[in-house]
Amino acid sequence: MSYTMERRGISDRALAIADKVEQFVRDTVAGYERDPRLGAHGPSEDLSHELKALARQAGLMTPHILEDGGHLTQRETAVVLIRSGLSPLGPLAVHTCAPDEGNMYLLGKVASPELQAQFLPRMIAGEIRSAFFMTEPAEDGGAGSDPSMMLTTCKPDGNHWVINGRKTYITGADGAGMGIIMAKSEQGACMFLVDLPDPAVRIERIMDTIDNSMPGGHAVVSIENLRLPADQMLGEAGEGFKYAQVRLSPARLSHCMRWLGACIRAHEIAVDYTNRRHAFGKPLIDHEGVGFMLAENAMDLKQAELMIYWCADVLDTGALGTVESSMAKVAVSEALMRVADRSVQCMGGQGVTGDTIVEQVFREIRAFRIYDGPTEVHKWSLAKKIKRDWKESQDM
Ligand SMILES: Cc1cc2nc3c(=O)[nH]c(=O)nc-3n(C[C@H](O)[C@H](O)[C@H](O)COP(=O)(O)OP(=O)(O)OC[C@H]3O[C@@H](n4cnc5c(N)ncnc54)[C@H](O)[C@@H]3O)c2cc1C
């Protein structure tokens, strides 16, 4: 292999799972990458079910959640999720994909035993997909980079809550079996768990986006008088942003893990191409301009991998890791963009065709620099912290 993933400091149980996941993704899932059922709005339900059935057969469904319901540590999760990402279809097949992975994590941490029993077993078994409803349309002036701009409301009515609003970019809303909806009440932000489909949660349209690895695509959704029993609220009223933080850092980091896997594979494909393809009397890789691009890829990949393990270790101490996951999200997504771009460039025309996944990985990473917080928003919040720390140091 042209890139060696870390094995040092990783438990035997995680490596055993990761090795099986890698073999399954490379040997089985990669064979579906040019399947015509992978459409502009993501893999069809049919393709999704077929891949999941194969993962189940291989004993690899939701491999980061253990049989006793426990969760691998974040460091262990990293080694498994990186391998699942070696194909853009891998996370879907073995169910380590977004937004399900983050949603399962949140429910495992915050939901009551009753709500866990209602949703988690079906989610972990990969029987239903889920969606996370936070962002709102710019044309309404709703929540985007700034979640405090949230317009969707929830109002108590007897022992029910009534929710109204519009959401956008909701990944996988179309075809989801459950959703986590954020809305604001007089006490502050709230989160609700809802069985889907529900006639009060209407898909207005599926957007045409640059990426297409996620089933259901990304939807604009209207929520009109959605009436939910009070016990469908996650935790306490007014605590919604606190729970979003619980989900945010591990979910951000899991995107880094999966997309690192995809970029490792894109780099491998570029290395293979540049060794086989000749120009001006020698293999492309022997031209310094090409060799340097591949060397830079290897360094960016390794830095991204080490940063993921560093952030995972912080989360494994029980800390929220908001600062560290912001740093990791920016550093990893920007490094992976460079890797994907160089991989395309090394492959000439072939790099921008659908003949390999390199072109898809390039498109997917572009979107990753925006979701779960655009690069600039993370840098802005890091800069605010740097200023705060400086001020505190002056007061001492
Ligand atoms: C593919 C995809 C999938 C998504 N899936 C989901 C989902 O499942 N559920 C969900 O709720 N949301 C989802 N989102 C939404 C995503 O989280 C938002 O796009 C993101 O939070 C940015 O919000 P916005 O698009 O409204 O950008 P805006 O808020 O309009 O910001 C536009 C740009 O302004 C700049 N900017 C903003 N604030 C600052 C600042 N403080 N300093 C400097 N620059 C700044 C940034 O460059 C930013 O990209 C998804 C988005 C994409 C692209």
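Described in the following lines is the structure provided in the data block. (Residues numbered from 1 in each chain as written. Predicted model: local features only at pLDDT ≥ 70, side-chain atom pairs only at ≥ 80, totals over all residues. Heavy atoms only, no water.)

**Concerning helix 6 (residues 113-124)**
Thought 1: Three or more residues of helix 6 are buried, namely Leu115, Phe119, Leu120 and Met123. Take helix 6 and look down its axis: the buried residues cluster within an arc of 105°, on one side only. Away from its buried face by more than 90 degrees, helix 6 exposes Pro113, Glu114 and Ala117.
Thought 2: Downstream of helix 6 by one or two residues, Gly126 has phi in the positive range, about 75°. (Buried < 20%, exposed > 50% of the residue type's maximum accessible area, 1.4 Å probe, protein only. Helix = DSSP H or I, 4+ residues; strand = E, 2+ residues; numbered from the N terminus. Arc of directions from axis to C-beta.)

**Comments concerning the side chain of Glu364**
Thought 1: You can see Glu364 is positioned in helix 10 (residues 358-368).
Thought 2: Here Glu364 sits buried without a salt bridge, and the closest side chain of opposite charge, Arg363, lies 4.9 Å off (N-O distance).
Thought 3: Excluding its chain neighbours within four sequence positions, the residues that come into contact with Glu364 are Asp211, Asn212, Ser213, Trp259 and Tyr371. (Lys, Arg positive; Asp, Glu negative; His and termini not counted. Salt bridge = Lys/Arg side-chain N within 4 Å of Asp/Glu carboxyl O. Contact = heavy atoms within 4.5 Å.)

**Quick notes on the state of the cysteines**
Thought 1: Throughout the structure, instances matching the rule amount to zero disulfides.
Thought 2: Just so you know, Cys97 is unpaired, no disulfide at all, and the nearest cysteine sulfur is the one on Cys256, 16 Å from it.
Thought 3: The exposure class assigned to Cys97 is buried, which follows from its relative accessible area of 8%.
Thought 4: Its sulfur unpaired, Cys154 is 3.8 Å from the next cysteine sulfur, which belongs to Cys190. (Disulfide = S-S within 2.5 Å.)

**Describing the site of the ligand**
Thought 1: The full set close to the ligand counts 17 residues, and Phe132, Thr135, Ser145, Thr171 and Glu376 are the nearest of them.
Thought 2: A distance of 2.9 Å separates an oxygen atom of the ligand from a polar atom in the backbone of Met134.
Thought 3: Note that a nitrogen atom of the ligand is positioned 2.8 Å from one of the side-chain N or O atoms of Thr171.
Thought 4: When the free accessible area of the ligand is taken as 980 Å², the share hidden by the protein chains comes to 68%. (Near = heavy atom within 4 Å. Polar contact = N/O pair within 3.5 Å; in protein donor to acceptor, adjacent residues only side chain to side chain. Areas by Shrake-Rupley, 256 points an atom, 1.4 Å probe, with all protein chains shown as cover.)

**Some words on helix 5 (residues 100-110)**
Thought 1: Burial runs high along helix 5: nine of the 11 residues are buried.
Thought 2: Taken together, the buried positions of helix 5 are Asp100, Glu101, Gly102, Asn103, Met104, Tyr105, Leu106, Leu107 and Val110.

**Overview of the pairing of strand 3 (residues 130-133)**
Thought 1: Neither face of strand 3 is left uncovered, since the one carrying Ser130 and Phe132 and the one carrying Ala131 and Phe133 both have all their residues buried.
Thought 2: Note that strand 3 and strand 6 (residues 178-185) share four bridges and pair parallel. Paired with Phe132 across the strands is Ile180, a residue of strand 6. (Pairing = 2+ DSSP bridges.)

**Remarks on the packing of aromatic side chains**
Thought 1: Per the counting criterion, the structure on display carries two aromatic pairs.
Thought 2: Ring plane angle 40° and centroid distance 5.7 Å describe the contact between Phe368 and Tyr371, whose orientation is recorded as tilted.
Thought 3: Of the residues examined, Phe368 reaches a relative accessible area of 0% and is grouped as buried.
Thought 4: Sitting above the plane of the Phe132 ring, Arg247 keeps its charged end 4.2 Å from the centroid. (Phe/Tyr/Trp six-rings, centres within 6.5 Å; stacked < 30°, edge-to-face > 60°. Lys NZ or Arg CZ within 6 Å of the ring centre and 35° of its normal.)

**Overview of the environment of Ser148**
Thought 1: Structurally, the position occupied by Ser148 is in the loop between strand 3 and strand 4 (153-157).
Thought 2: A relative accessible area of 57% means that Ser148 is categorised as exposed.
Thought 3: The spatial distance from the C-alpha of Ser148 to the C-alpha of Ala189 is 8.7 Å, given a sequence separation of 41 residues.
Thought 4: Within the local environment of Ser148, its side chain forms a polar contact with the side chain of Asp146, the two groups lying 2.6 Å apart.

**Comments concerning the environment of Leu196**
Thought 1: Following the sequence through the fold, Leu196 ends up in the loop between strand 7 (188-195) and strand 8 (201-206).
Thought 2: In this structure, the C-alpha to C-alpha distance between Leu196 and Ile128, residues 68 residues apart in sequence, is 9.6 Å.
Thought 3: Setting aside residues up to four positions removed in sequence, Leu196 forms contacts with Phe133, Ala176, Gly177, Met178, Gly179 and Val201.

**Observations concerning the pattern of salt bridges**
Thought 1: This model, assessed by the stated rule, comprises 30 salt bridges.
Thought 2: When the shortest N-O distance is used, the salt bridge between Glu136 and Lys167 registers 3.1 Å. Here Glu136 is found in the loop between strand 3 and strand 4, whereas its partner Lys167 is found in strand 5 (residues 160-171), with 31 residues between them in sequence.
Thought 3: Overall, Glu136 belongs to the buried group, its relative accessible area being 3%.
Thought 4: Linking Glu334 and Arg369 is a salt bridge whose minimum nitrogen-to-oxygen distance equals 2.9 Å. Highlighted residues: Glu334 in helix 9 (residues 322-346) and Arg369 in the loop between helix 10 and helix 11 (375-395), separated in sequence by 35 residues.
Thought 5: What makes Glu334 buried here is its relative accessible area of 18%.

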